[in-house]
Amino acid sequence: MEPIQSLRGTKDVLADEINYWHFIEKKAKDLFSIANYTEIRTPILENSSLFERGIGSSTDIINKEIYSFIDKGSRNVALRPEGTASIARSFIENKLFSQKIPQKLWYSGPMFRYERPQSGRQRQFNQLGVEVLGSVNPLIDADVIQLALNLLKELGITNCGREVNSLGTLEERVKYKSDLIAYLQPYEKELDIDSQKRLYNNPLRILDTKNLKTKDILNEAPKLSNFFGIESQTYFEELCDALNSLHIGYTVNEQLVRGLDYYNHTAFEIKSSSLGAQDTLCGGGRYDELISQLGGPRTPAIGWAMGIERLLLLVKDSISLPSQYLDFYIVSENKSTKLKALQLLQIFRNHNFKVEIDWSYSKFSKQFKRASQNNAIGCIIIGERELQLNSFSVKWLSSKEQDSFQMSEIEKLIQKLDYYKSSYLKIIDNIDTQTLNKKF
Ligand code: ATP
Ligand code: MG
């Protein structure tokens, strides 16, 4: 029978990677907590119309990438492609606007987009993100961008490109769109196929095309910033001033439009040149109209999202985390010594030791080898002799030293284990990113 395979664009996270996930999740959680964000967990499944209304029906996400289906109750539902629309829905549904403002929220979890899988691009992927709902001020935008950069720094990822742009207001964009279409129309046949498709329904997206010929045509195109009124101009200037005063380097990229309809004013991306074609680590921006568009009270907001798989590619390359380890691996020889081992295991677990028993009856040398494969700090040996004396021996794998303990001498054992543990490995919680950062 053919074994069943995982779906294209989905991935298992196995033992060699899980420590990196925990590392990223812990760093993020600690940082968000210090910055006074609280976690929000929204359902993975939502009404399709939430994303159609929230993200915009002419975007790639809705047009091509959404995982939607009719459920058994004939509802049109979708696996969430991103976090912001769901959080906006939850903000309205749970009347979070009547609680403290701004609401500073963070989330982490799987997202789904039907895309062509490649390095850094999956169909089920994970995002970490934040949203600040209820306040508008370019200084908040700068603080939110700073938070993203701080997280990357905590993960040892520096040297990122930061691009910012302003998308102005909805009204300014409407005027700009018609001018842009008028400019591009004479070149319609010369545009790449994707841009031709976007010309009438989402012309702004043409600006971030990768096609060289289309880029050439865009050189002389009208600029969105020329359509800005005084409010948009000042907002962007104040953002740039704030970034400067925080010593955050950035470039202004007027072609940066982002793939979602809901942004206004600030849009930004953080990129890493080590990632190849899928180089965007983090994307975000301000979305002051989304919540009112979804039927809530007008609530200005800003947020960003990072792709965890892309973070992982960088973190894995640069940091070596210790794999799983054991305190003790119990080696024993026959039925009666294994029974003793089983009793010891319970005692050890009650004392928070991480212990594994070798259940085989293979030679001690083989069992020792497996102890090393399990990254054990010590091997507990229970042979016939130990059984008679109601004791056990410990072989410390790093020094090959051997000790003998009475069953009652657990305190003495703890002391000795602590000594060997500190010299043997540093566990994940103790990793000092200050020293890690020096490696980059
Ligand atoms: P891209 O241009 O790479 O498609 P996007 O603009 O569609 O990105 P956003 O919607 O802004 O991406 O999502 C924020 C982040 O989530 C991205 O910068 C990226 O790191 C990650 N991301 C988006 N789509 C995927 C995917 N299919 N697989 C893995 N990570 C993804
Ligand atoms: Mg995309």
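Predicted, not measured: the structure shown is a model, and the values here were computed from it. (Residues numbered from 1 in each chain as written. Chains lettered and ligands numbered in written order. Predicted model: local features only at pLDDT ≥ 70, side-chain atom pairs only at ≥ 80, totals over all residues. Heavy atoms only, no water.)

Topic: the packing of helix H1 (residues 15–34) against helix H11 (residues 308–318)
Here comes step 1: Close contact between H1 and H11 brings their axes to 10 Å; oriented N to C, the two are set at 110 degrees. As the angle between them shows, H1 and H11 are arranged roughly perpendicular. For the element pair H1 and H11, the recorded crossing hand is right-handed. Packed against H1, whose contacting residues are Glu17, Tyr20, Trp21, Phe23 and Ile24, the element H11 presents Ile308, Glu309, Leu311, Leu312, Val315 and Lys316 at the interface.
Here comes step 2: Split into classes, the residues belonging to the contact of H1 with H11 amount to 8 nonpolar, no polar and 3 charged. (Axes fitted to C-alpha atoms, helices over the stretch in contact; angles between N-to-C directions. Helix = DSSP H or I, 4+ residues; strand = E, 2+ residues; numbered from the N terminus. Parallel < 35°, antiparallel > 145°, perpendicular 65-115°, else oblique. Left-handed = near helix turned anticlockwise from the far one by under 90°. Contact = heavy atoms within 4.5 Å. Nonpolar A, V, L, I, M, F, W, Y, C, P; charged D, E, K, R; others polar.)

Looking at the domain arrangement of the chain
Here comes step 1: According to the domain assignment, the chain contains domain 1 (15–168 + 228–318) and domain 2 (326–439).
Here comes step 2: Distance between the C-alpha centres of domain 1 and domain 2: 45 Å. (Domains from an automatic or database assignment.)

Examining the sheet that holds strand S1 (residues 38–39)
Here comes step 1: Judged by pairing direction, the sheet is mixed, and its 8 strands sit side by side in the order S1-S5-S6-S11-S10-S9-S7-S8 without closing on themselves. Edge strands, defined here as strands with exactly one partner in the open sheet, are S1 and strand S8 (251–252).
Here comes step 2: Here strand S5 (residues 103–112) runs beside strand S6 (residues 124–133); their pairing, made up of 10 bridges, is antiparallel. Paired with Gln103 across the two strands is Leu133, which belongs to S6.
Here comes step 3: With respect to the sheet, helix H9 (residues 230–245) is in contact with strand S7 (161–166), S8, strand S9 (264–271) and strand S10 (280–286), its orientation differing from that of S9 by roughly 35 degrees. (Pairing = 2+ DSSP bridges.)

Some words on the sheet that holds strand S13 (residues 355–357)
Here comes step 1: On the basis of which strands lie adjacent, the open sheet formed by 5 strands has the order S13-S12-S14-S15-S16 and mixed pairing. In the strand order of this sheet, the two ends are held by S13 and strand S16 (402–406), each with one partner. On average, adjacent strands in this sheet sit at an angle of 25 degrees to one another, irrespective of strand direction.
Here comes step 2: Those strands touched by helix H12 (residues 335–350) are strand S12 (326–332), S13, strand S14 (376–382) and strand S15 (391–396), and its axis lies near 165 degrees from that of S12.

Topic: the pattern of salt bridges
Here comes step 1: All chains considered together, the criterion is met by 22 salt bridges.
Here comes step 2: Residues Arg258 and Glu269 are paired through a salt bridge, measuring 2.9 Å at the closest nitrogen-oxygen approach. On the criterion of sequence distance, the pair formed by Arg258 in the loop between S8 and S9 and Glu269 in strand S9 is long-range, its members being 11 residues apart. A single burial state applies to Arg258 and to Glu269, both of which are buried.
Here comes step 3: Within this structure, Glu163, Arg258, Glu269 and Lys271 form a network of salt bridges that share partners. (Salt bridge = Lys/Arg side-chain N within 4 Å of Asp/Glu carboxyl O. Buried < 20%, exposed > 50% of the residue type's maximum accessible area, 1.4 Å probe, protein only.)

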